Number of protein chains: 2
Amino acid sequence: MPRRAPRLPPLLAEFDDDERDAVLAANRAFYRAFNERDDAAMDLIWAPTGAVVCLHPGQPALYDRAEIMASWRAIMKHPEAPRVRCTEEWVLGRPGLALVTCREILPNGQLMASNLYVRMTDGWHMASHHSGPVPPVATERPTPAGTAVGARDRRKLH
Amino acid sequence: MPRRAPRLPPLLAEFDDDERDAVLAANRAFYRAFNERDDAAMDLIWAPTGAVVCLHPGQPALYDRAEIMASWRAIMKHPEAPRVRCTEEWVLGRPGLALVTCREILPNGQLMASNLYVRMTDGWHMASHHSGPVPPVATERPTPAGTAVGARDRRKLH
């Protein structure tokens, strides 16, 4: 069964394919930094100056950049921190500001995130992250020949 | 005890006080439409064309405008639909696109919302709504003399 294609909305005026690709690249870099437990990369992804906000699931809002970075370091250094697979990326942008929504697939649940990126002189940086739980959907991903992890995972989800 | 002031971040270049006020007015109109169960006003608030997404707490993402409007009508017509008080508005915007985060205070809990607004020819319209539960903070609001509705409501919360 083919994996469901991401739903990408029509582009808004003055926000072209290249911009959208750049925002999606920033979003992938965010999840890569998380999965690689890379504090330095995570720090580079967040806007170095200006307003930022982070809303971890069920947690108080963080508006202070130093607190936000500390929260990510704490999550990433936890021995049971999950790996997150990001799917269903969806972008709504205008020049200089763009929202990415995406599904975060964890081993024990799924979240939807709203990630806001702001374009600065050196590219797109995260200015806001908000995630919360959603009902899981069945997902497939390539697995080694001879295994059927996807099918097993699907049964576990429901 | 004084009520905590909203935290408004510094303005980004080219997004001035007037723009911020206009976005905040749109955000207030959204919560007013909800509290007044005003289907028509809710419909006017959402962007009439273009990409939209709505993430109700714990629900699947909705990307279809008709489905989003149906979801709001269903919530608003429910006899136990709560009234929502919006506080702690925080805006991050650039010309044409702006994110408002705010606390949604319900009788039985509190949420934080990330509301994205897009500017169209006739003003700012909601393009994305994402809300999820957060730990409640104590809040005060003026109550009629001789009543203690706030205190009673607070006891019911826990």
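The rules behind the values
- Residues numbered from 1 in each chain as written.
- Chains lettered and ligands numbered in written order.
- Predicted model: local features only at pLDDT ≥ 70, side-chain atom pairs only at ≥ 80, totals over all residues.
- Heavy atoms only, no water.
- Pairing = 2+ DSSP bridges.
- Helix = DSSP H or I, 4+ residues; strand = E, 2+ residues; numbered from the N terminus.
- Axes fitted to C-alpha atoms, helices over the stretch in contact; angles between N-to-C directions.
- Contact = heavy atoms within 4.5 Å.
- Buried area = accessible area lost by both parts, 1.4 Å probe.
- Salt bridge = Lys/Arg side-chain N within 4 Å of Asp/Glu carboxyl O.
- Polar contact = N/O pair within 3.5 Å; in protein donor to acceptor, adjacent residues only side chain to side chain.
- Nonpolar A, V, L, I, M, F, W, Y, C, P; charged D, E, K, R; others polar.
- Parallel < 35°, antiparallel > 145°, perpendicular 65-115°, else oblique.
- Disulfide = S-S within 2.5 Å.
- Buried < 20%, exposed > 50% of the residue type's maximum accessible area, 1.4 Å probe, protein only.

As annotated in an unreviewed UniProt entry, chain A carries the name Nuclear transport factor 2 family protein and comes from Reyranella aquatilis.

A. Highlighting the sheet that holds strand 4 (residues 109–120) of chain B. Residues and elements named next belong to chain B. Pairing in this open sheet of five strands is mixed, and the strands run 1-5-4-3-2 from one edge to the other. Because the sheet does not close on itself, it has two edges, and the strands there are strand 1 (53–55) and strand 2 (85–94). Averaged over neighbouring strand pairs, the angle between their axes works out to 20° when direction is ignored. As paired strands, strand 4 and strand 5 (residues 123–134) are joined by eleven bridges and run antiparallel to one another. Opposite alanine 113, over in strand 5, you have serine 131 as the bridge partner. Sitting on the sheet, helix 1 (residues 17–35) touches strand 2, strand 3 (97–106), strand 4 and strand 5, and the angle it makes with strand 4 is about 125°.

B. Up close: the interface of chain A and chain B. Counting residues at the interface gives 36 residues for chain A and 37 residues for chain B. Summing both partners gives a buried area of about 2800 Å² for chain A against chain B, and 71% of it is carried by carbon and sulfur. The largest per-residue losses of area from chain A upon contact with chain B belong to Tyr63, Arg94 and His130 of chain A, which jointly make up 22% of the total buried on that side. Remark: the boundary between chain A and chain B carries zero salt bridges. Taken together, the connections running from chain A to chain B amount to six residue pairs in polar contact (both at pLDDT 80 or more). Among the secondary structure elements, those contributing two or more residues to the side of chain A that touches chain B are strand 1 (53–55), strand 2 (85–94), strand 3 (97–106), strand 4 (109–120) and strand 5 (123–134) of chain A. Of the residues that constitute the side of chain A that touches chain B, the class distribution is 22 nonpolar, ten polar and four charged.

C. Fine view of the packing of helix 1 (residues 17–35) of chain A against helix 3 (residues 65–77) of chain A. All names here are of chain A. Packing of helix 1 against helix 3 leaves a shortest axis separation of 9 Å and a crossing angle of 50°. By the angle class used here, helix 1 and helix 3 are oblique. Across the interface between the two elements, Phe30, Ala33 and Phe34 of helix 1 pack against Trp72, Ile75 and Met76 of helix 3. Among the residues forming the contact of helix 1 with helix 3, the class breakdown is six nonpolar, no polar and no charged.

D. Up close: the state of the cysteines. Residue and element names in this part refer to chain A. Enumeration over the complete set of coordinates arrives at zero disulfides over all chains. Free cysteine cysteine 54: the closest other cysteine sulfur is in cysteine 102, separated by 13 Å. Not engaged in a disulfide, the cysteine cysteine 102 finds its nearest cysteine sulfur in cysteine 86; these two sulfurs lie 3.5 Å apart. Looking at cysteine 102, the relative accessible area reads 0%, which means it is buried.

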